[in-house]
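Analysis of the macromolecular model
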Number of protein chains: 2
Amino acid sequence: MNSSAPIGVFDSGVGGLTVVREIMRQIPNEQIIYFGDTARVPYGSKSRKTVTRYSEQIVRFLRQQDVKAIVAACNTASAYALDEIEKEIDIPVIGVIRPGAKTAMDVTRNGRIGVIGTEATIGSGIYARYIKEQNTEMEVLGKACPLLVPLVEEGLLNDPVTDEIALRYLSSLIDSGIDTLILGCTHYPLIRATIGKVMGGHVTLVNPAYETARELRELLEGAHMLNQSKPELGDNRYQFFVSDGADKFIRFANSIIKYGVLSAKVVNIEEY
Amino acid sequence: MNSSAPIGVFDSGVGGLTVVREIMRQIPNEQIIYFGDTARVPYGSKSRKTVTRYSEQIVRFLRQQDVKAIVAACNTASAYALDEIEKEIDIPVIGVIRPGAKTAMDVTRNGRIGVIGTEATIGSGIYARYIKEQNTEMEVLGKACPLLVPLVEEGLLNDPVTDEIALRYLSSLIDSGIDTLILGCTHYPLIRATIGKVMGGHVTLVNPAYETARELRELLEGAHMLNQSKPELGDNRYQFFVSDGADKFIRFANSIIKYGVLSAKVVNIEEY
């Protein structure tokens, strides 16, 4: 595999761009091909079987773009489909669950970790399973927060309604005495301030995006697959593909990442 | 076409069951085959091209079940795809837009009609276009309310958060002096009380589901296609198909319609 090949990153929609942002920061020499499944978003309320089928179609699309590694930048896809994807392909694949879980375990002092995410991610119990495999002493409390994604997508980032909904979802976690909270959905870093205010300053918020980008860098480094030369500007350094609504995607993308996203191509992902 | 054949009804998910409920009430002799596209829900934030492709796939599926007529029980699908569907098939197809618009025109006294719906339905301008084609004197004001569907699906039917969001969306319509408001999304009848409270008693709320079932009955009557005999119980009178999450669908369905929904079959709609 060519070390100058791009990295493939996918998500159910726009949330995975918070992971792209971290990859751009931490390994700026890498080219990225992003796919957002905006025609079938959201994944978080759908079944394992459906999310796995969708993820497999996207992986087939990304393979055709000759990526050297794939990042499932979506907690639901990571929770449901990562094992299946790993079985099928011969390039490195990483999800966002393990990096987030590892960071939380490093950070917690009292061993009580909270996780918030979609119905699917929380229902899968994957964060708790992974953490307890490493350390049976840890306690993990999950809470599904289905309204937070639509509130973020509607732009209510600093809004009393979002505060109120966050408070309802988080109050059981506050009462349980956790000292660490994993933001187990790629949309949540965008309302990090709200979540932090509701949880209080003594709770550390873990954004798996940061740790995912770090794990990706280490993985590529270990395999001698880091891009050695800085790509030229205009070299298709960052390419964006979606299954629907390119214009809307471009608007949202430019609110998340600094690199000017000028275009996105629409792909009929059902054909893969 | 056999008059004892079933009627096909489809929606992006569960919302169309409010139309099914009306059809069951008004023409109880009819058999119904319902399809809810729960693997790709919601439609209201997606593009015309994508919603049309999805609707065409569902119509192909319903045709294979030998339905005698099709109801697009989804405002977004009716707004974007009805013309295309009508071109392609030789059985009657009705949507929810025209029935809702006609009722609103009958009901209004001051000629100022409001419409609320998804981004797609409101963005298409179809309610305004249809009403103005009939009567250029009428004024039509649309407002997209993207958060109302997730709030309904999260079960916040009588909740201060839903009141607050409804008030924000509806305040410009209140100020504009409309006397009639079309509930232009099949989820909205489920929060009719909230919307009525916010709008005030002088504004008539129009639920297109009622009028759609009436138009369907008249259409079948005119074509001598009403089912003449009462179907036997256990005769597969009502059949439900979804593209994902049958159990979740069954739970929601039983909260909307009185007929006990015991089963739903999962169909891979991308194959149609």
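Residues numbered from 1 in each chain as written. Chains lettered and ligands numbered in written order. Predicted model: local features only at pLDDT ≥ 70, side-chain atom pairs only at ≥ 80, totals over all residues. Heavy atoms only, no water.

Let's shift gears to the relation of the copies chain B and chain A. Two copies of a chain can be linked by a rotation about an axis combined with a shift along that same axis. Structural alignment of chain B on chain A gives an RMSD of 0.0 Å, achieved by rotating through 180° and translating 0.0 Å along the axis. The two molecules are tied by a two-fold rotation axis, judged by turn and shift. Closest approach to the rotation axis among the C-alpha atoms of chain B is made by Arg-40 of chain B, whose C-alpha sits 2.4 Å away. When the interface residues of chain B are mapped onto chain A, 100% of them again fall at the interface, so both copies present the same face. (Least-squares fit on C-alpha atoms with pLDDT ≥ 70 in both. Contact = heavy atoms within 4.5 Å.)

Opposite the 31 residues of chain B that make contact, chain A presents 31 residues. Summed over both partners, the interface of chain B with chain A comes to about 2,300 Å²; 45% of that surface belongs to carbon and sulfur atoms. Linking chain B to chain A there are six salt bridges. The interface formed by chain B and chain A contains 22 residue pairs in polar contact (both at pLDDT 80 or more). Elements supplying a minimum of two residues to the side of chain B that touches chain A: helix H2 (48-64), helix H7 (148-153) and helix H8 (160-175) of chain B. Here the side of chain B that touches chain A gets six residues from one element, more than from any other, and that element is H8 of chain B. Among the residues forming the side of chain B that touches chain A, the class breakdown is 13 nonpolar, seven polar and eleven charged. (Buried area = accessible area lost by both parts, 1.4 Å probe. Salt bridge = Lys/Arg side-chain N within 4 Å of Asp/Glu carboxyl O. Polar contact = N/O pair within 3.5 Å; in protein donor to acceptor, adjacent residues only side chain to side chain. Helix = DSSP H or I, 4+ residues; strand = E, 2+ residues; numbered from the N terminus. Nonpolar A, V, L, I, M, F, W, Y, C, P; charged D, E, K, R; others polar.)

Attention now goes to the packing of helix H1 (residues 17-26) of chain A against helix H10 (residues 208-222) of chain A. Residue and element names in this part refer to chain A. At a minimum axis distance of 8 Å, the contact between H1 and H10 shows a crossing angle of 50°. On the basis of their axis angle, the class for H1 and H10 is oblique. The two elements H1 and H10 meet at a crossing, and its hand is right-handed. Of the residues in H10, those touching H1 at Thr-18, Val-19, Glu-22, Ile-23 and Gln-26 are Ala-209, Tyr-210, Thr-212, Ala-213, Arg-214, Leu-216 and Arg-217. (Axes fitted to C-alpha atoms, helices over the stretch in contact; angles between N-to-C directions. Parallel < 35°, antiparallel > 145°, perpendicular 65-115°, else oblique. Left-handed = near helix turned anticlockwise from the far one by under 90°.)

Moving on, we get to unusual backbone geometry. All names here are of chain A. For the bond from Val-41 to Pro-42, the omega torsion is -5°, close enough to zero to count as cis. Here Pro-42 is to be found in the loop between strand E2 (32-36) and helix H2 (48-64). If you check the backbone angles, Asp-66 has positive phi at about 55° while not being a glycine. Tracing the backbone through its elements, the reader meets Asp-66 in the loop between H2 and strand E3 (69-72). For His-224, which is not glycine, the phi dihedral falls at a positive 55°. Structurally, His-224 is set in the loop between H10 and strand E9 (238-242).

We now examine helix H1 (residues 17-26) of chain B. All names here are of chain B. Most of H1 is tucked away: eight of the ten residues are buried. Taken as a whole, H1 has its buried residues at Leu-17, Thr-18, Val-19, Val-20, Glu-22, Ile-23, Met-24 and Gln-26. Lining the buried residues of H1 we find strand E1 (7-11), strand E2 (32-36), strand E3 (69-72), helix H10 (208-222), strand E9 (238-242) and helix H11 (246-256). (Buried < 20%, exposed > 50% of the residue type's maximum accessible area, 1.4 Å probe, protein only.)

Structurally, Lys-258 of chain B can be placed in the loop between H11 and strand E10 (265-266). Spatially, the C-alpha atoms of Lys-258 of chain B and Met-24 of chain B are 9.6 Å apart, while their sequence positions differ by 234 residues.

In this model, chain A carries a mean pLDDT of 95, and residues with pLDDT of at least 70 account for 99%. For this predicted complex, the interface score ipTM comes out at 0.92, while the overall pTM is 0.94. (pLDDT = per-residue confidence, 0-100.)

This next bit is on the nonpolar core. Of all hydrophobic cores here, the largest spans 50 residues; its most connected members are Leu-181 and Ile-195 of chain A together with Leu-181 and Ile-195 of chain B. Going through the elements one at a time, helix H7 (148-153), helix H8 (160-175), strand E7 (180-183) and helix H9 (192-199) of chain A together with H7, H8, strand E7 (180-183) and helix H9 (192-199) of chain B are the ones with two or more residues in this core. Not counting residues within four places of it along the chain, the set of residues in contact with Ile-195 of chain A comprises Ile-116, Leu-170, Leu-181, Leu-183, Tyr-188 and Leu-205 of chain A. (Core = buried A, V, L, I, M, F, W, Y, C linked by side-chain atoms within 4.5 Å.)

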